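Observations on chain architecture
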Amino acid sequence: MPEAALRTVVPVPRRELHVGDPVAEARGLTYSAGGKRLVDGVDLRLPADSITVVMGPNGAGKSLLLRLLHGLIPPTAGYVFCRGQPLSPELRKQQAMVFQRPVLLRRSVAANVRFVLRVRGDSSRERIEAILNEVGLLPYAHQPARLLSGGEQQRLALARALALSPSIMFMDEPTASLDPASTAAIETIVRRAYAGGTKIVYVTHDLGQARRLADDVVFLNRGRLLEHTPAGSFFEDPVSREARDYLAGRLILS
Amino acid sequence: MFSSATPAAAESSVLLQSTTSTANSGLYDYILPMFENQTGIKVNVVAVGTGQAIKNAQNGDGDVLLVHAKAAEEKFVAEGYGVERFDVMYNDFIIVGPPQDPAGIRGMEKAPAALARIAREEAKFASRGDNSGTHKKEMALWKAAGTDPTRASGTWYRETGSGMGATLNAAVGMDAYALTDRATWISFRNKGGHEILVDGDRDLFNQYGVILVNPDRYPNVNVEGGQRFIDWILGPEGQAAIAGYTLHGQQLFFPNARSAGEAAGQD
Amino acid sequence: MQDFGEAFGLAFRLVLSADPDLLEIVLLSLRVSLSAVAVACLLGLPLGAAVAIGRFPGRTGVVVLLNALMGLPPVVVGLMIYLLLSNAGPMGWLGLLYTPTAMIIAQSVLITPIVAALSREVVEQLHSEYAEHFRSLSLSRRQAVAALLWDARYSLLTVGLAGFGRAVAEVGAVIIVGGNIDHLTRVMTTAIALETSRGDLGLALALGIILLAIALSVNAAVMMLRVTASRYAYA
């Protein structure tokens, strides 16, 4: 939807994205380790109602950027804002993250959801069942979570994240090791979550997936933000040479 | 968690600090039920080494002390830890050793002379080495023999630093001589081939004394129960009970309490 | 060697005849040591978990200390508790000396460091797996400790077992604070010590065999539990 709207609203320059009040913002965000700048002076404003896909070659700093925006690691320099305020523990509680490998507790499927609900929210049986139902895992409610298949485990991880009713959900290549069917299932859930009002920030290597999901694209290379553009214009005609190389499959490593 | 009451604090029980050798002989298993039947008072026995029993009583962790180390007992009373010391019974010590008797002491009448021969032949000897009543008796005998065996400690003279049972185990295991009280020996189940080689000497006489722990020092002492026990064991029934205890047909302890009021000295 | 054969035979006969004295000391051994394990877990598990996830100055020192305290000699612990509970000592007024309670206290002191040190290791390992996720959930320290302890429950069972093994096998602590009083504070290990001092090595060995059998069964039960658990990927 946003893509179409932006298309007709000319004359927005291709490099600019109309953001309005950003739901998340980075200013001069830098992260160094071992003498290297892994995230280098990133200025970023993420729109509240879109699926933002973060792309870039290996080592570009995509995962790090997500973790910085979610407050999992402190920046070496720069600032992170959420809804206009500096990121605080309170604001962080409105966010959720899904990792590439699902980190499930050594309990049943239902118990994994209950754990998260107890931390924040209503942990009644009805709610647990509703959440499991949304991701199609209700039949497995009492099975050991870690015995599920990869796709099912990731669906559970997603269910847990959604159980928090987050306003932003960060996702770090959640379908990287999944088969196409599971990938499709995850994407469906993600789109449904977005339709329900959750901002999605999604890292992926999969160009097809990026095309399917993205409303706007953030492109990183070597820790620097090279462009943040509406998806359509990014895929058809990216601004930076690196992005062009990347889309053509010529830029694998940062 | 606090449902198990202290033996010493409960009205109906008395805590007796005594020695392992006395307890191991089975004497208490025989006479204490009699006392309990008569008075309804249970006597709980903590059986440790003589030194530890005295120390425990000095700490007030008991109501009555019954050991066989007269000098230490008298010091105990003199220092105010005990009310009064009474002779209660005696048994005797014996020298046991391997059947081949390398020092040739079998049948000797005088214990110090036997020890002197053991020292001369440098035959192995297992000592308790723990300052117990038995050990003190042993040292007195060596002194009478005119020898100081501790200079040879680690060679033919082996100090186990342990109780009677452990020392006898060691003696049997090492084919060594040892000084032990007869009661322990008779009830000891690991004699191996060892035999009694020397006994009957008056010097081997082993006196037991009983003392009430001083309630002025430790108000929680069960004075009533403790005194009743002492009165009983010094009285006709207790003394008869002691005499009545036999093991393998042998009487182990010989009651010799004086009636109250007489001096408690005897040798 | 014939002593062993005799001892096995005697052990069998004692167990089959359900000898009441034997039953009494076995039950007391279990009561004392299991209670000590319970106390040690109550204190040691949260402590170990807190150290596992905590980041504070001197943390390495605490870890080293906990590991070192695992090697506390039982007889030293017994002596310290005796001095504490003795009528001549500061806690004498409690009247706990020569009771099973004193024995439980002594064994608890002995095995709490074991439970704390081993659980720290277990929880730390688990925590490295969950750390990012917990941080993402903004879990409080208390919530994280509770989650880790439950998730590590099967490994922690083994930790409890290690504590139980140490407690049920020790004699130095319980003999000093318990006094090895017949029908009151006599447990398997003190009974073995007693029979040895009586020279009744056959009986001592038989009791030892029974003690080993008990320890073996408890271990086997926990092992089966863990095998089942790992089948469910719960361990």
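What counts and what doesn't
- Residues numbered from 1 in each chain as written.
- Chains lettered and ligands numbered in written order.
- Predicted model: local features only at pLDDT ≥ 70, side-chain atom pairs only at ≥ 80, totals over all residues.
- Heavy atoms only, no water.
- Helix = DSSP H or I, 4+ residues; strand = E, 2+ residues; numbered from the N terminus.
- Rg over C-alpha atoms; globule rule 2.2 N^0.38 Å.
- Buried < 20%, exposed > 50% of the residue type's maximum accessible area, 1.4 Å probe, protein only.
- Contact = heavy atoms within 4.5 Å.
- Areas by Shrake-Rupley, 256 points an atom, 1.4 Å probe, with all protein chains shown as cover.
- Core = buried A, V, L, I, M, F, W, Y, C linked by side-chain atoms within 4.5 Å.
- Buried area = accessible area lost by both parts, 1.4 Å probe.
- Salt bridge = Lys/Arg side-chain N within 4 Å of Asp/Glu carboxyl O.
- Polar contact = N/O pair within 3.5 Å; in protein donor to acceptor, adjacent residues only side chain to side chain.
- Nonpolar A, V, L, I, M, F, W, Y, C, P; charged D, E, K, R; others polar.
- Pairing = 2+ DSSP bridges.
- Axes fitted to C-alpha atoms, helices over the stretch in contact; angles between N-to-C directions.
- pLDDT = per-residue confidence, 0-100.
- Patch = residues over 30% accessible without salt bridge, like charges linked within 9 Å, V, L, I, M, F, W, Y side chains within 5 Å.
- Expected span 1.5 Å × (residues − 1).
- Parallel < 35°, antiparallel > 145°, perpendicular 65-115°, else oblique.
- Arc of directions from axis to C-beta.

As a further point, take the overall build of chain B. From N to C terminus, chain B includes 10 helices and 12 strands. Relative to a compact globule of 267 residues, whose C-alpha radius of gyration would be 18 Å, chain B shows 19 Å and is just as compact. For chain B, buried positions account for 55% of its 267 residues. Taking the contacts inside chain B whose residues are at least 6 apart along the sequence as the reference set, 73% of them involve residues at least 24 apart. Here chain B has roughly 10700 Å² of accessible surface; of this, 49% comes from carbon and sulfur atoms.

Within the chain, Glu173(A) stands out as a residue other than glycine whose phi angle is a positive 45 degrees. For Glu173(A), a relative accessible area of 13% gives the class buried.

Core analysis: the biggest nonpolar cluster contains 135 residues, and Met55(A), Leu132(A), Leu156(A), Leu158(A), Phe235(A) and Phe134(C) have the highest contact counts within it. Beyond its immediate sequence surroundings of up to four residues, Phe134(C) is in contact with Leu105(A), Phe115(A), His127(C), Leu139(C), Ala144(C), Ala147(C) and Leu148(C). Of all hydrophobic cores here, the second largest spans 31 residues; its members include Leu32(B), Leu66(B), Met89(B) and Phe229(B).

On the chain C side, the residues contacting the 30 residues of chain B number 25 residues. Taken together, both faces of the contact between chain B and chain C bury some 2100 Å²; the carbon and sulfur share is 50%. Our enumeration of links across chain B and chain C arrives at one salt bridge. Among the ionic pairs, Arg189(B) bridges to Asp200(C), the shortest N-O distance being 3.1 Å. On inspection of chain B and its partner chain C, the count reaches 15 residue pairs in polar contact (both at pLDDT 80 or more). Among the secondary structure elements, those contributing two or more residues to the side of chain B that touches chain C are strand S1 (13-19), helix H1 (20-24), strand S2 (42-48), helix H3 (50-58) and helix H7 (164-174) of chain B. With four residues, S2(B) is the largest single contributor of residues to the side of chain B that touches chain C. When grouped by side-chain class, the residues that make up the side of chain B that touches chain C number 12 nonpolar, 14 polar and four charged.

All names here are of chain A. Reading across from one edge, S6-S7-S8-S3-S9-S10 is the order of the six strands in this open sheet, with mixed pairing throughout. Of all strands in the sheet, those bounded by a partner on one side alone are strand S6 (95-98) and strand S10 (224-230). Recorded for the sheet is a direction-independent mean angle of 15 degrees between the axes of neighbouring strands. Sitting on the sheet, helix H2 (residues 62-69) touches strand S3 (51-55), S6, strand S7 (168-172), strand S8 (199-203) and strand S9 (216-221), and the angle it makes with S7 is about 155 degrees.

Another point: the confidence of the model for chain C. Taken residue by residue, chain C gives an average pLDDT of 92. The fraction at 70 or more is 99%. Reported confidences for the modelled complex are a pTM of 0.81 and an ipTM of 0.86.

Residues and elements named next belong to chain A. Residues Gln95 and Met97 line one face of S6 and the alternating positions Ala96 and Val98 line the opposite face, and both faces are buried. As defined by bridge partners, S6 adjoins S7 across four bridges and the pair is classed as parallel. If you follow Val98 over to S7, its bridge partner there is Met171.

In a beta sheet, neighbouring strands pair by backbone hydrogen bonds and run either parallel or antiparallel. Residue and element names in this part refer to chain A. Within the open sheet, the four strands sit side by side as S2-S1-S4-S5. Their pairing is antiparallel. Strands with a single pairing partner mark the edges of an open sheet, and in this sheet they are strand S2 (36-46) and strand S5 (85-86). Strands strand S1 (24-33), S2 and strand S4 (77-82) of the sheet are contacted by H2, whose axis makes an angle of about 60 degrees with S2.

Take the pattern of salt bridges next. Scanning the model with the defined rule gives 29 salt bridges over all chains in all. Ionic pairing is found between Asp130(B) and Arg128(B), a salt bridge with its closest N-O pair at 3.0 Å. We classify Arg128(B) as buried; its relative accessible area is 6%. In the salt-bridge network here, residues are joined through shared partners; they are Arg241(A), Glu242(A), Asp245(A) and Arg250(A).

Residues and elements named next belong to chain C. Together, Val75, Val76 and Met80 make up an exposed nonpolar region whose accessible area comes to about 240 Å². One can find Met80 in helix H4 (residues 74-85). The class for Met80 is partly exposed, based on a relative accessible area of 43%.

Now for helix H9 (residues 223-234) of chain B. An ideal rise of 1.5 Å per residue puts 16 Å on 12 residues; H9(B) measures up with 16 Å between its terminal C-alpha atoms. For H9(B), the set of buried residues is Gly225(B), Gly226(B), Phe229(B), Ile230(B), Trp232(B), Ile233(B) and Leu234(B).

On to the interface of chain A and chain C. Listed per partner, the contact involves 27 residues of chain A and 21 residues of chain C. Taking both partners together, chain A and chain C bury about 2100 Å²; carbon and sulfur atoms supply 53% of that area. Joining chain A to chain C, the criterion identifies four salt bridges. Our count for the contact surface shared by chain A and chain C stands at 17 residue pairs in polar contact (both at pLDDT 80 or more). Counted by class, the side of chain A that touches chain C contains 14 nonpolar, five polar and eight charged residues.

With that settled, the discussion passes to the packing of helix H7 (residues 153-169) of chain C against helix H10 (residues 201-231) of chain C. Residues and elements named next belong to chain C. Where H7 contacts H10, the two axes come as close as 10 Å, and the packing angle between them is 175 degrees. Judged on the interaxial angle alone, H10 and H7 are roughly antiparallel. Contacts from Tyr154, Ser155, Leu157, Thr158, Leu161, Phe164 and Val168 in H7 reach Leu211, Val218, Asn219, Val222, Leu225, Arg226 and Ala229 in H10. Per-class residue counts for the contact of H7 with H10 are 10 nonpolar, three polar and one charged.

Moving on, we get to helix H4 (residues 70-78) of chain B. Residues and elements named next belong to chain B. For H4, the full list of buried residues reads Ala72, Glu73 and Phe76. Along H4, the residues classed as buried sweep out an arc of 100 degrees about the axis, all on the same side. In H4, the exposed residues that point more than 90 degrees away from the buried face are Ala71, Lys75 and Ala78. For H4, the elements touching its buried residues are H3, strand S3 (64-67), strand S4 (82-97), helix H6 (133-145) and strand S9 (205-213). After H4 finishes, the residue Gly80 shows a positive phi value of roughly 90 degrees.

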